[in-house]
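So you can see what is in the structure, the chains are spelled out below.
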Amino acid sequence: MPASVTRLGRLADLPVLLVAVVWGSSYLAAKGVTTTDTVLAVLVLRFAVVLPVLVVVGWRRLRSLSGAQLRGAGLLGLILAGIFLLETYGVVHTSATNAGLIISLTMVFTPLAESRVRGVRLPGAFLAAAGVSVAGVALLTQGAGFTAPSGGDLLMLGAAVVRTVHVLAMARMESVRGADALSLTTVQLGGAVAVFAVLVAMPGTGASPWSAAAGFGAGDWAGLVYLSVFCTLFAFFVQMWAVRRTSPSRVSLLLGTEPVWAAVVGIALAGDRPGWPGLAGALLVLVGTAWGRSVADRGRASLDEPSQTTRTPRRQTPETSGTPGR
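Residues numbered from 1 in each chain as written. Predicted model: local features only at pLDDT ≥ 70, side-chain atom pairs only at ≥ 80, totals over all residues. Heavy atoms only, no water.

### Concerning the packing of helix α4 (residues 67-92) against helix α9 (residues 181-201)
Note the cut-off: In this analysis, axes come from line fits to C-alpha atoms, helices being fitted only over the stretch in contact, and the angle between any two N-to-C directions falls in the range 0 to 180 degrees. Numbered from the N terminus, helices here are DSSP runs of H or I no shorter than four residues, and strands are runs of E no shorter than two. For classification purposes, an angle smaller than 35 degrees is called roughly parallel, one larger than 145 roughly antiparallel, one from 65 to 115 roughly perpendicular, and anything else oblique. Should the near helix be turned anticlockwise from the far one by less than a right angle, the crossing is left-handed, and should it be turned clockwise, the crossing is right-handed. Whether two residues are in contact is decided by their heavy atoms, any of which lying within 4.5 Å being enough. All amino acids are sorted into three groups, where Ala, Val, Leu, Ile, Met, Phe, Trp, Tyr, Cys and Pro are nonpolar, Asp, Glu, Lys and Arg are charged, and the leftover types, Gly among them, are polar.
At their nearest, the axes of α4 and α9 sit 7 Å apart, and the two run at 55° to each other. By the angle class used here, α4 and α9 are oblique. In the packing of α4 onto α9, the handedness of the crossing is right-handed. Only Leu184, Val187, Gln188, Leu189, Gly191, Ala192, Val195, Phe196 and Leu199 of α9 make contact with α4, whose side of the interface consists of Leu70, Ala73, Gly74, Leu76, Gly77, Leu78, Leu80, Ala81, Phe84 and Leu85. The residue makeup of the contact of α4 with α9, split by class, is 15 nonpolar, four polar and no charged.

Here it is in structure tokens:
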């Protein structure tokens, strides 16, 4: 490989790693700006900042989507709305450290679900890694003593399950295959915002976006802008930029460090004190998800490796194809 290509790949690594750091810190940012009464309002405000930019930048490609692609992306947007609702309500009721580590179970759940759908047996090493991760979450949610997991922990676990459904749907839905990533993201976020707007208009669902915005201080606005600009816009465009200069697998591997940064930020900045059981659990989650991801990636590479005579095009990976930021 030429040295210039290697250097280009390494340069692309830096902003992608920064995205992982930003995503890891997003749980603390969301926790700081959101209360139980303002979850829907914050979600509307957060993505109301993002959508106009995406529409303006990708208007020409957005207009070229077929009816089937629009319907498929709209369905994905409904699933995405469920993810953001579970994540945001969850992070309000648990620690930033727990939120970031529990949601990382998506990296284990996705290959497990995909193996069931495709009828493929997973290697024993992956099942062992999944067991390590689940044991880690069980310890992590205990804090300094053994109690039932909090409601927030369970919501984050639900978000990990729904995110798995989203990843599999993106990978398997024929209607969105080949769709432009920017257009796919725009329609998904538009569908999710429509869900949030309908829910927030219902009685008893919390503060309206306007009343929530009126009560924001400077720190709240800074947190909201951070979630909108850095955790969504910046993250998405960096993924699009990097995947064209390196490989989807490399981008995915770097983004997989997100739970590490979530734990670092939660413990260092939020003062999370998980206790010895929690620290042991956090370590097991990190080891288990990294091990499981490594085993799954090796298995996928062996399945996708082209033969000597026939070269099949590499399918876009869900992690880097039209997946909105945290």
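The structure having been displayed, the exposition proceeds.
### Notes on empty space enclosed by the protein
To be explicit about the condition: Grid points spaced at 1 Å over the protein atoms alone were grouped into cavities, where a 1.4 Å probe fits but cannot get out, and pockets, open sets with protein on both sides within 12 Å along at least five of seven lines, with lining residues defined by an atom within 4 Å of a point. Grid points are joined across faces, edges and corners, and a volume is the space filled by probe spheres set on the points.
Per the stated rule, a full pass over the model turns up one cavity of 30 Å³ or more. Put simply, the largest cavity is a space of about 130 Å³. With four residues, α4 is the largest single contributor of residues to the lining of the largest cavity. Among the residues making up the lining of the largest cavity, the classes are represented as seven nonpolar, three polar and three charged.

### Let's talk about the packing of aromatic side chains
Here is the rule: Each aromatic pair joins two rings of Phe, Tyr and Trp (for Trp, the six-membered one) with centres within 6.5 Å, and gets the label stacked for planes under 30 degrees apart, edge-to-face for over 60, and tilted for any other angle. Accessible area is worked out with a 1.4 Å probe on protein chains only. A residue is then buried under 20% of its type maximum, exposed over 50%, and partly exposed in between.
What the rule picks out here adds up to six aromatic pairs. Summarising the aromatic geometry, the rings of Phe47 and Phe84 are spaced 4.9 Å apart at their centres and angled 55° between planes, so their arrangement reads as tilted. With Phe47 in helix α2 (residues 39-57) and Phe84 in helix α4, this pair connects stretches of sequence that are 37 residues apart. On the accessibility criterion, Phe47 (1% relative accessible area) is buried.

### Structural notes on the nonpolar core
To keep things clear, this is the line we draw: For this analysis, a nonpolar core means a set of buried residues of the types Ala, Val, Leu, Ile, Met, Phe, Trp, Tyr and Cys, connected via side-chain atoms within 4.5 Å.
By size, the foremost hydrophobic cluster in this structure holds 38 residues, and its most contacted members are Val16 and Tyr27. The element best represented in this core is helix α1 (residues 3-33), accounting for eight residues. Ranked by size, the runner-up nonpolar core spans 24 residues in total, among them Leu80, Phe84, Leu233 and Met240.

These figures come from the coordinates and say nothing about function on their own.
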